Amino acid sequence: MSLTILNVVIAVVIAIAFAALNAAYLVWAERRGAGRIQRRPGPNVNGPLGLLQPPADGLKLMTKQLVIPGGADKALFVVAPVLAMVPAIMSFVTIPFSENVVARSMNIGVLMIFAFASLGGMAILFAGWGSRNKYGVMAAVRAVSQNISYEIPMLITVITIVMMTGTMNLKELVAGQSGGIWNWNLLPSLSSPLMPVAFLIFFVCTLAETNRAPFDLGEAESELVAGFHTEYGSMGFGLFFMGEYANIVIGASLITILFLGGWGCPLGLFPSVWWFLLKIYLLIFSFIWIRWTFPRTTIYGLLNLSWKILIPISLFNLLLTAGLLKVF
Amino acid sequence: MSGPIHIQPGETFTLNVGPQHPATHGVLRVKMEMDGEYIVKAETVLGYIHRMHELMGENRTYPQVLPNLSRLDYLGALGYTHGHVLAVERAAGIEVPERAEYIRAITVELNRVASHLFWFGAFVMDLGGFTPLMYAIEDREYILDMLEAVTGSRLTYCYYRFGGLYNDIDDEFVDRARAFIPRMRKSLKKYDALVTGNIIFRKRLDGIGPISAEMCRKYGATGPVARGAGIDFDVRKNEPYSVYPEFDFDVPVYDECDSLARYNVRMDEMEQSLRIIEQGLDKLPDGPIMPKKKPKLIKPPAGDYYQAVETARGSFGIRIVSDGTKNAYRFKLRSPTYSNMSLFDEACEGMMIMDALALMGSLDLVIPEIDR
């Protein structure tokens, strides 16, 4: 019994370390990537290729004073950044990186990740409301309506997949797709011909759920200054930042697990954790690419996209799959 | 502020956009009365960087005021100094050699392209796309380098003199300008592919931010703002000055009155400016750049003089009332952005803040020019 607890503790520590490392170095990757896209070098002074930039930034943020604005709701203001970071880290616990590299394989893995992802929206609401800043409140309201309206098509898509595979365990989801690219959920199957569309919906929803451009309305810097984290400095801001990148890793992991065969090789050979990492980093690169290419949508354009396009299509897909599953 | 806040239904709140706000591109303040995301009423507050250029124009001699004019608009400074030298030349009756006028037209158009390029980048950045700014700056840098080589400065030029120029252009400048034209045309195609065709971009501008022709007339809006509302007015065509009648160019006019129309006008204007530069380089005559006879001390005869020029932002007018001394009796600047900005309050009523700030971006504001 105590050995299991020890195992879990070690796994959680590794999950935290992985999340923090990813968050720090994805910022570096994002800035370097943006630099390449914009034909400028990006951070390249500290260390080789600027690799020491994240620790330097982290140190700077940690040594700065945490300023709580007058009139702010202190409890909410302090809790919010923690609430942004912790669920993101907790979600790592159940993500299977390979057959054996998984902290805790749960039968309700998918549900747990979505439950934690919903907490992220609350962190933004707390931050915006707690800092008593008009821009913050406006951004928080935007972000919450965005999170709610994009969780629905996302969950409907997940239900479609769960219906097809009959499991909510992330490990079994991947196991069902093993054996090569032709078994991946990404491709249309007899019972669910609209799978590529579902993948696209899920991809767009992931962008929206992680508050990434072109859906970064919660921190639309040209109209809402810095959105919900306007009043945050020092590590409060740092935690929001890390939470955002940790969420991106989770989003990419989920896409990989649900659609791209997890740790399986496209040709069905040598499944390993490296395939998983390769897939999530390719996805993350595409997120970065999209962010630095597109302008931002409007709040009503965003909500229209979800309620008028994504939800009807994903519902149709769900019904179609349900019907075809009966037939075949 | 402590204790709970009780919000009544239908209650509005005041949002101060500025004086320090990323969307206002300078020290401009807009007091907005907001109902959630909607603007109920907006009130523009100006004057944060007022520097009394008009008064300086009255207690300094005409040449001493010349550098002031390029401090109005740091993006398209040559157009403003051009207005000043033209006004004083008209007042004092100074002849300008043809070569100087051609070089003025070429450099002003180059400066206009640079200004529109920067606007393009900043406007797309207002909409949340950061990358086009970097591409635009790269092209703009080419122009700035070119102008720096002949004028000696990169932003606040003081290149024109009463009667001519400070410095003649050399072959290198001509070569670089010729090389710039195909390069810029290629870039414009790239911008079209990257930005103009983007569905998110079009959805944010198409049919949004209406500024009607009546509104333009009411507030005196000129330049691309008026031309985006279907008003075919360009000082270069309607009240020709300098050597512009010699050039063959079109005035792009769009009737849609929305933010996209104003965007399209500016993008087309860059192409037209390139045409003017091309023709100017072809027709460039040889000769002096300063007149042989020029008064040592500029004392225009008593009278009232007005000169309008088309700058990157619209019609810029200078009124000089002279009493025959070496200083102007009255020095009045009519700056285009001031008029264009004035219609913002009316135009943005009832809009959502995102669209209103896109509308503000499409006005191409340069704050020092509003506040003079």
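Scope of this entry: the structure provided in the associated data block. (Residues numbered from 1 in each chain as written. Chains lettered and ligands numbered in written order. Predicted model: local features only at pLDDT ≥ 70, side-chain atom pairs only at ≥ 80, totals over all residues. Heavy atoms only, no water.)

Notes on the overall build of chain B
Rule in force here: By the criteria applied, helices consist of DSSP H or I runs no shorter than four residues and strands consist of E runs no shorter than two, each listed in order from the N terminus. Note on method: radius of gyration uses C-alpha positions; expected globular size equals 2.2 Å times residues raised to 0.38. Only protein chains enter the accessibility calculation, which uses a 1.4 Å probe; a residue whose area is less than 20% of its type maximum is buried, one above 50% is exposed, and one in between is partly exposed.
What chain B contains, in helices and strands, is 15 helices and eight strands. Against the compact-globule benchmark of 21 Å for 372 residues, chain B has a radius of gyration of 21 Å, which places it among compact chains. With respect to the principal axes defined by its C-alpha atoms, chain B has extents near 75 × 50 × 35 Å. Taken over 372 residues, chain B has a buried fraction of 58%.

A word on the pattern of salt bridges
Residues and elements named next belong to chain B. For the record, the criterion: Salt bridges are counted wherever a side-chain nitrogen of Lys or Arg sits within 4 Å of a carboxyl oxygen of Asp or Glu.
All chains considered together, the criterion is met by 32 salt bridges over all chains. Taking the shortest distance from any N to any O, the salt bridge between R178 and D282 comes out at 3.1 Å. Of the two residues, R178 sits in helix α6 (residues 171-196) while D282 sits in helix α11 (residues 259-283), which places them 104 residues apart along the sequence. Classification of R178 by relative accessible area gives partly exposed; the value is 38%. When its relative accessible area of 53% is taken as the criterion, D282 is described as exposed. Of the charged contacts, one joins D250 and R275 as a salt bridge, the two residues approaching to 3.2 Å between their closest N and O atoms. Highlighted residues: D250 in the loop between α10 (235-238) and α11 and R275 in helix α11, separated in sequence by 25 residues. Among the residues examined, D250 registers a relative accessible area of 43% and is labelled partly exposed. One continuous salt-bridge network, built from bridges that share partners, spans E109, R112, R227, D234, R236, E269 and E310.

Some details on the state of the cysteines
What makes a disulfide is a covalent bond joining the sulfur atoms belonging to two cysteines. All names here are of chain B. This is how the line gets drawn: The definition used for a disulfide is geometric: two cysteine sulfur atoms within 2.5 Å.
Per the stated rule, a full pass over the model turns up zero disulfides over all chains. Of the cysteine sulfurs around C216, a residue in no disulfide, the closest is that of C257, at 7.5 Å. Unpaired in terms of disulfides, C348 finds its nearest cysteine sulfur in C216, a separation of 15 Å. C348 sits in the buried class, given a relative accessible area of 0%.

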